[in-house]
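For reference, the chains in residue letters:
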Amino acid sequence: MRIYQLRTAKEFYNSIKGNFTTEELMQMYAEDVAKRFAAECVNEALGNKMEVSNSLHHAIEGKYKSIIWDNEG
């Protein structure tokens, strides 16, 4: 799974304003990576859920349309 939302350490460093120690920056970057990774995992899971839901819907719809109803002609 490719992670699209993650930033490189350099991108993160350039986005930070203020004076922080190396340890603080590392902790902040780790938290940023963890949050973005979690968000990406949720997005992936939701996408997979939608694919399964759509497949199930199409299968049910196909079965429904294949029924010969008594009240039809």
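Quick caveat: nothing in here was measured; it's all calculated off a predicted structure.

A. Layout of the pattern of salt bridges. Throughout the structure, instances matching the rule amount to four salt bridges. Measuring nitrogen to oxygen at the nearest pair gives 3.2 Å for the salt bridge that ties Asp32 to Arg7. Of this pair, Asp32 sits in helix H2 (residues 22-66) while Arg7 sits in the segment before helix H1 (9-15); the two residues are 25 residues apart in sequence, bridging distant segments of the chain. Assessed through its relative accessible area of 24%, Arg7 is described here as partly exposed. Among the salt bridges present, the one from Glu31 reaches Lys35, with a minimum N-O distance of 2.8 Å. Of this pair, Glu31 and Lys35 both sit in helix H2, four residues apart, which is roughly one turn of the helix. You can call Glu31 partly exposed: its relative accessible area is 44%. One connected set of salt bridges, linked through shared partners, spans Arg7, Asp32 and Arg36.

B. Molecular detail of a nonpolar patch on the surface. Taken together, the side chains of Tyr64, Ile67 and Trp69 present a nonpolar region at the surface, about 310 Å² in accessible area. Summarising the element assignment, Ile67 is placed in the segment after H2.

C. Region of the structure containing the packing of aromatic side chains. The full count for this structure, using the stated rule, is one aromatic pair. Aromatic side chains Phe12 and Tyr29 sit 5.3 Å apart centroid to centroid with 50° between the ring planes, which places their arrangement in the tilted category. Here Phe12 is found in helix H1, whereas its partner Tyr29 is found in helix H2, with 17 residues between them in sequence. In this structure Phe12 comes out as buried when scored by relative accessible area, which is 6%. Exposure remark for Tyr29: the relative accessible area of 24% places this residue in the partly exposed category.

What counts, and where the lines are drawn
- Residues numbered from 1 in each chain as written.
- Predicted model: local features only at pLDDT ≥ 70, side-chain atom pairs only at ≥ 80, totals over all residues.
- Heavy atoms only, no water.
- Salt bridge = Lys/Arg side-chain N within 4 Å of Asp/Glu carboxyl O.
- Helix = DSSP H or I, 4+ residues; strand = E, 2+ residues; numbered from the N terminus.
- Buried < 20%, exposed > 50% of the residue type's maximum accessible area, 1.4 Å probe, protein only.
- Patch = residues over 30% accessible without salt bridge, like charges linked within 9 Å, V, L, I, M, F, W, Y side chains within 5 Å.
- Areas by Shrake-Rupley, 256 points an atom, 1.4 Å probe, with all protein chains shown as cover.
- Phe/Tyr/Trp six-rings, centres within 6.5 Å; stacked < 30°, edge-to-face > 60°.

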